[in-house]
Amino acid sequence: EMMNLNKLRQDKIDDTLIQTINTTKYAYPEQDPFNLFCDGHILYLDSAYNNTVFYHITDESPDPYIYHYAGITYYKHYTAYTTYLDMPWEDVLRHHPVITPVSSTIPTGDRIVVYAGNRNYYHMLSKAAKSLLYNTDVDRVYFLIEDDEFPEPLPSIIQTINVSHQPYINKTGPNIAPFYSPMTTMRAILSKLFPDLDRILWLDPDTVVLQPIDDIWTTDISSAYL
């Protein structure tokens, strides 16, 4: 989802999301608060951008932009997943549409992508980012993680942020359970983590980008939260 950080700040929806996640129990805390408080200001994309595979290994549809494995345990059987998991970073970046110098500061461009994952999902973060960078031009990718160091070397276009001590989402709040780590709700604090950004693209780590997703950046979301 492309998040309009400016509008979330201006309407104080980001503060509302953080407060409700910390105080109210939700069945799906990474989704329900957004559906509730952003209602009427959500612009829906074609399902090809979120082609979800649940039940059968043969369910990969013919022409999606993004496969979303939605947490299924047999994602490693899919060709799209293994293709990028095994691809060296140098091959990924060689195919990257535009390679620009990467500084330590947040770039001013619009094409900023963020993933979040706990330690069990670090391998999926790398796979997801490889597929993204192989297929689409981006300015910067951020990994929100639980550690100061990532367990494998990453190219400079990817930077990590340790959010284990972030002050916004209460780790002992009502929505923390074995199957819902605080990382699933990190999208609620992106306006706080990136105060200078107007918008940011959040992608789940269990996704594979299969072709350019430039339309996401050219879509007008000025009146939408996401």
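Data block above holds the structure.
Residues numbered from 1 in each chain as written. Predicted model: local features only at pLDDT ≥ 70, side-chain atom pairs only at ≥ 80, totals over all residues. Heavy atoms only, no water.

### What to know about the pairing of strand E7 (residues 199-202)
Where burial is concerned, the two faces of E7 agree: the one with Arg-199 and Leu-201 and the one with Ile-200 and Trp-202 are both buried. Relative to E7, strand E1 (residues 2-4) runs antiparallel, the two being bridged by three bridges. Bridge pairing links Asn-4 to Arg-199 in E7. Where strand E4 (residues 112-116) and E7 come together, two bridges link them in parallel fashion. Paired with Val-113 across the bridge in E7 is Leu-201. (Buried < 20%, exposed > 50% of the residue type's maximum accessible area, 1.4 Å probe, protein only. Helix = DSSP H or I, 4+ residues; strand = E, 2+ residues; numbered from the N terminus. Pairing = 2+ DSSP bridges.)

### With respect to the environment of Ile-21
Looking at where Ile-21 falls in the secondary structure, it is placed in helix H2 (residues 13-23). Relative accessible area serves as the criterion here: at 3%, Ile-21 is assigned to the buried category. Residues Ile-21 and Asn-175, 154 residues apart in the sequence, show an inter-C-alpha distance of 6.8 Å. In contact with Ile-21, other than residues within four places in its own chain, are Pro-29, Pro-33, Ile-169, Pro-174, Asn-175, Thr-185 and Ala-188. (Contact = heavy atoms within 4.5 Å.)

### Focus: the sheet that holds strand E3 (residues 66-68)
As summarised here, the arrangement of the three strands in space is E2-E3-E8, forming an open sheet in which the pairing is mixed. Strand pairing shows two members of the sheet lacking a second neighbour, strand E2 (51-52) and strand E8 (207-209), which therefore form its edges. As paired elements, E2 and E3 share two bridges and run parallel to each other. Along E3, the bridge assignment pairs Asn-51 with Tyr-67.

### Observations regarding helix H6 (residues 122-135)
An ideal rise of 1.5 Å per residue puts 20 Å on 14 residues; H6 measures up with 21 Å between its terminal C-alpha atoms. Here H6 lies mainly inside the structure; 12 of its 14 residues are buried. For H6, the full list of buried residues reads Tyr-122, Met-124, Leu-125, Ser-126, Lys-127, Ala-128, Ala-129, Lys-130, Ser-131, Leu-132, Leu-133 and Asn-135. Residues of H6 that are buried sit in contact with helix H4 (79-85), helix H5 (89-95), E4, strand E5 (140-145), strand E6 (158-162) and E8. (Expected span 1.5 Å × (residues − 1).)

### A short note on unusual backbone geometry
At Lys-12, a residue that is not glycine, the phi angle is positive and equals roughly 60°. Tracing the chain through its elements places Lys-12 in the loop between helix H1 (5-10) and H2.

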